[in-house]
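Each chain, written out:
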Amino acid sequence: MRSTFLFALLTFVSVQMSAQEESPVKDIFNHLGIGVSVGTDGIGFDLAAPVTSYAAIRGGVSFWPKVAISKDIHIKDNNPTIADEVTLEGKPNIFDFKLLADFYPSKTGSFHITAGLYVGKSAFLTATNTTQFIKDPSKYGKLGLIVGDYRIETDQTGHISAEAKASSVKPYLGIGFGRAVPKGRIGVTCDFGVQFWGRPAAYAWTVNDWGDRLYHKFSVDDLDQYDDKAIKDALDVIDKICVFPVLNIRLTGRIF
Amino acid sequence: MKKNIVYLAIAAMFFMSFVACSTDDGDVEKTDYPVNLNPPAAAASAFYCELPVTMAPTTVSSLRLKSFEITESSKIVVELRDGVTNKPTYVMGDVTQSGNTYRVSGDKVNGTISLESDSKGARVTRASVTWFAIDLTVMIGEVVRYMTENGNPVEGAVTNTSDIEDEVMTRLARTWSILSAIVDLKGNDIKAYEEFDSRGGIFYLSDVLNEAVQQGVNISEKDKAALNKQIRSVTMTKTQKLYLTYVDGKEDVAAWSWANADKTSIKIDLLDQDMGNIFLNDDTRLYISFRDNRCNLRLETTITDDSGKRWEGSLTFKLKSAE
């Protein structure tokens, strides 16, 4: 809903801006370009169309390949039914629809200011154990780790899972060079900007004294002196990526 | 051109308004659950009789009757003191009531207690119980008096605990069975928990002991012996006593008092020193919460083991009302 409204507003603003100087109606959506991009926001595909000579809109998707990163974690538990170490596997989980508007201060220049939205999954990173840390299956759901004062329980298959989540609607603001729809058949653009991720946080399923499963949002403040430094470092990093830098290169072609 | 920049700025500000201040806050843990813990059927008949000045002599060598209590859950707890060392001994049994007569039965206590009321309230007129099959007759004397060894008449104080109107106490004062217990342990490169279920309605304290030993807590043989028990039930009373009843018929008893004005935690005073071990000390608090017909008692404590290592631990008993 918000995206639709924003799109309408952007279109309106764009038209109004152009209308101040000439009558460019004939320039609106008179071309269509297709783009492929690679950058910190992942791999992207989009369609682009000019909205007068001073603006263009781009819409498409971008995603991160699900390349897993594994890390062995020392388990602070001497119980013989618990493994000494567990391998945690983290996978990026970024898939966003994007709608961006480029504004060109100059009618023929390539420099542009871009604003828009990325809308997608709020969980941008998922992690689970790929090796069992409970050796006795009868203990699944009965024992686990403690982070801060929260018990991280296993499910009935012996797995724990955690997610890092940000806002599912991520505004974008940036600058770049190159036309969204090239004047020739092929063009290259580059963009540099930031996505505003809200305040990301780590989440995991916990269990309370009553046996209720609660999806808890963890912060550094939850931790105590007994927690592993690696957990504190991870939460620190997640907490600090309120603004995600975007740098990408986009190969674009004009369809018509 | 200037207008373009203004429009652009407006658009940018509009975009910024979409920046969420935070993502979702996750589940918020409830603290106020519905509670279904009506007073036990026998709660109205509960009373406590204390012999405060000089303990009543019994026919058991050196033992004196200090008090006895009919609990809200139809149990009797007899408190005996050694006349020389003053060391307490507690004996628990079941009670069935017929009019003003309470029939007492159990592995180690049998007999009857008669109660009558007058203008001064309920008074015990006669108590006759046996302990370890030895006649423990206590003649409280005419009406409410019993004779001390010096021949002085003394009144026994009787408290009808049903007169104590307190919502939290009403919920708490009953006999509970243990569903399970959760051990949390932090310190010395350990940070883990494990939940142990009761087996056949019996909770094995040895499970807790084994968990602590596995995690590296150095426990003395004396404490190991104290923890190598099986709990049949936990009884709380309005007289602010906590009784642990073991499978072997023995009891451990603690007096408790509120630790805070909200009545969500209690501190305990061990009346039977055999109950004490490294998990219990003066700072020990028991946190109470209720839900449906259940109660959680979370014992939070700091443990210093025999090797001097310190741990932060908690033991949460998940209790269910026995009636």
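Basis of the calculations
- Residues numbered from 1 in each chain as written.
- Chains lettered and ligands numbered in written order.
- Predicted model: local features only at pLDDT ≥ 70, side-chain atom pairs only at ≥ 80, totals over all residues.
- Helix = DSSP H or I, 4+ residues; strand = E, 2+ residues; numbered from the N terminus.
- Buried ≥ 20, exposed ≤ 12 C-beta atoms within 10 Å, placed from the backbone.
- Contact = placed C-beta atoms within 7 Å.
- Domains from an automatic or database assignment.
- Nonpolar A, V, L, I, M, F, W, Y, C, P; charged D, E, K, R; others polar.
- Pairing = 2+ DSSP bridges.
- Core = buried A, V, L, I, M, F, W, Y, C linked by C-beta atoms within 7 Å.
- Axes fitted to C-alpha atoms, helices over the stretch in contact; angles between N-to-C directions.
- pLDDT = per-residue confidence, 0-100.
- Expected span 1.5 Å × (residues − 1).

### Regarding the overall build of chain A
Then, number 1: Looking only at helices and strands, chain A has two helices and 16 strands in total.
Then, number 2: Taken across its 256 residues, chain A has 41% of its residues classed as buried.
Then, number 3: In chain A, the proportion of contacts linking residues at least 24 apart, taken out of those at least 6 apart, comes to 65%.

### What about the overall build of chain B?
Then, number 1: Check the secondary structure of chain B and you find four helices and 22 strands.
Then, number 2: Considering only intrachain contacts with a sequence separation of at least 6, the fraction spanning at least 24 residues in chain B is 47%.

### Brief notes about the environment of S73 of chain B
Residue and element names in this part refer to chain B.
Then, number 1: Inspection of the secondary structure puts S73 in the loop between β3 (63-70) and β4 (75-82).
Then, number 2: When the C-alpha positions of S73 and A261 are compared, they lie 26 Å apart, and in sequence the two are 188 residues distant.
Then, number 3: In contact with S73, other than residues within four places in its own chain, are P40, A42, R174, T175, T235, A322 and E323.

### Focus on the domain arrangement of chain B
Bring the parts together and some accessible area is lost; that lost area is often taken as the interface size.
Residues and elements named next belong to chain B.
Then, number 1: By domain assignment, chain B separates into domain 1 (43-163) and domain 2 (168-321).
Then, number 2: At the interface, 14 residues of domain 1 touch 14 residues of domain 2.
Then, number 3: For the side of domain 1 that touches domain 2, the secondary structure elements donating two or more residues are β4 and β5 (88-98).
Then, number 4: The dominant element in the side of domain 1 that touches domain 2, judged by the number of residues it contributes, is β5, at three residues.
Then, number 5: Of the residues in the side of domain 1 that touches domain 2, the class split is six nonpolar, three polar and five charged.

### Quick word on the pairing of strand β17 (residues 241-246) of chain B
Residue and element names in this part refer to chain B.
Then, number 1: Direction of pairing for strand β16 (residues 230-236) relative to β17: antiparallel, over a ladder of five bridges. Counted as the bridge partner of S233 is T245 from β17.
Then, number 2: Sheet analysis places β17 next to strand β18 (residues 251-258), joined by five bridges and oriented antiparallel. Looking at the pairing, K241 lines up with A255 of β18.

### With respect to the nonpolar core
Nonpolar side chains in soluble globular proteins tend to be buried together.
Then, number 1: Grouped together as the largest cluster of nonpolar side chains are 87 residues, with contacts concentrated most on A202 and A204 of chain A together with I76, V78, A181 and V234 of chain B.
Then, number 2: When residues in this core are grouped by element, the largest group, six residues, is from strand β13 (residues 175-187) of chain B.
Then, number 3: Membership of the second largest hydrophobic core comes to 20 residues, among which are V51, A55, L100 and F103 of chain A.

### Description of helix α3 (residues 205-214) of chain B
Residues and elements named next belong to chain B.
Then, number 1: For α3, the complete set of buried residues consists of L205, D207, L209, E211 and A212.
Then, number 2: Where α3 is buried, its residues touch β13, β14 (190-197), β15 (203-204), α4 (221-227) and β16.
Then, number 3: Phi turns positive one or two residues past the end of α3, at G216, with a value near 105°.

### Observations concerning the environment of A259 of chain B
All names here are of chain B.
Then, number 1: Tracing the backbone through its elements, the reader meets A259 in the loop between β18 and β19 (265-270).
Then, number 2: Linking A259 and G111, residues 148 residues apart in sequence, is a C-alpha distance of 37 Å.
Then, number 3: Beyond its immediate stretch of four places on either side in the chain, A259 contacts S265, I266, K267 and R285.

### Quick look at the sheet that holds strand β16 (residues 243-254) of chain A
Residue and element names in this part refer to chain A.
Then, number 1: What the eight strands build is a closed barrel, ordered β1-β2-β3-β6-β7-β12-β13-β16; its pairing is antiparallel. Averaged over all adjacent pairs, the angle separating strand axes in this sheet is 25°, with direction ignored.
Then, number 2: When strand β2 (residues 42-50) meets strand β3 (residues 55-63), the two strands line up antiparallel, connected through eight bridges. Note on β3: the bridge partner recorded for A48 is R58.

### Regarding the confidence of the model for chain B
Residues and elements named next belong to chain B.
Then, number 1: Here chain B shows a mean pLDDT of 77. Residues at 70 or above account for 72%.
Then, number 2: Taking the mean pLDDT of every element in chain B, the minimum, 40, falls on strand β10 (residues 145-147) and the maximum, 94, on β15.
Then, number 3: pLDDT under 50 marks residues 18-22. Its contacts with residues more than four places away, or in other chains, come to 13 contacts.
Then, number 4: Counting interchain partners and residues more than four positions distant, the pLDDT-below-50 stretch residues 139-149 has 28 contacts.
Then, number 5: Across the assembled chains, the prediction reports ipTM 0.76 with pTM 0.77.

### Observations concerning the confidence of the model for chain A
Then, number 1: Across chain A, the average pLDDT comes to 86, with 90% of residues at or above 70.
Then, number 2: Scored below 50 in pLDDT, residues 1-22 of chain A shows 26 contacts in the model against residues more than four places distant or in partner chains.

### Quick word on the environment of D136 of chain A
All names here are of chain A.
Then, number 1: Considering the arrangement of structural elements, one finds D136 in the loop between β8 (123-129) and β9 (143-147).
Then, number 2: For D136, a count of 14 C-beta atoms within 10 Å corresponds to the partly exposed category.
Then, number 3: Once the C-alpha coordinates of D136 and P80 are considered, the two residues, 56 residues apart in sequence, prove to be 9.5 Å apart.

### Digging into helix α2 (residues 229-240) of chain A
In an α-helix, one full turn covers 3.6 residues, which means residues spaced three or four apart are oriented alike.
Then, number 1: The end-to-end C-alpha distance of α2 of chain A is 17 Å, a good match for the 16 Å that 12 residues give at a rise of 1.5 Å each.
Then, number 2: Contacts made by the buried residues of α2 of chain A are with β11 (161-165), β14 (201-207) and β15 (213-218) of chain A.

### Overview of the pairing of strand β21 (residues 294-304) of chain B
Residues and elements named next belong to chain B.
Then, number 1: Both strand β20 (residues 285-291) and β21 contribute to a ladder of seven bridges, which runs antiparallel. Among the inter-strand pairings, L286 is bridged to a residue of β21, identified as L299.
Then, number 2: Looking at chain direction, β21 and strand β22 (residues 310-321) are connected through 11 bridges and run antiparallel. Along β22, the bridge assignment pairs E300 with S314.
Then, number 3: Here β21 folds back onto β22, and the loop between the two strands holds five residues, one of which, G308, carries a positive phi near 90°.

### Quick notes on unusual backbone geometry
Residues and elements named next belong to chain A.
Then, number 1: In this structure, F29 is a non-glycine residue whose phi angle is positive, near 55°.
Then, number 2: Its place among the elements puts F29 in the loop between α1 (2-19) and β1 (33-39).
Then, number 3: For F29, a count of 12 C-beta atoms within 10 Å corresponds to the exposed category.
Then, number 4: Backbone geometry places T52, a non-glycine residue, at a positive phi of 70°.
Then, number 5: Residue class for T52 comes out buried when judged on the 23 C-beta atoms lying within 10 Å of it.

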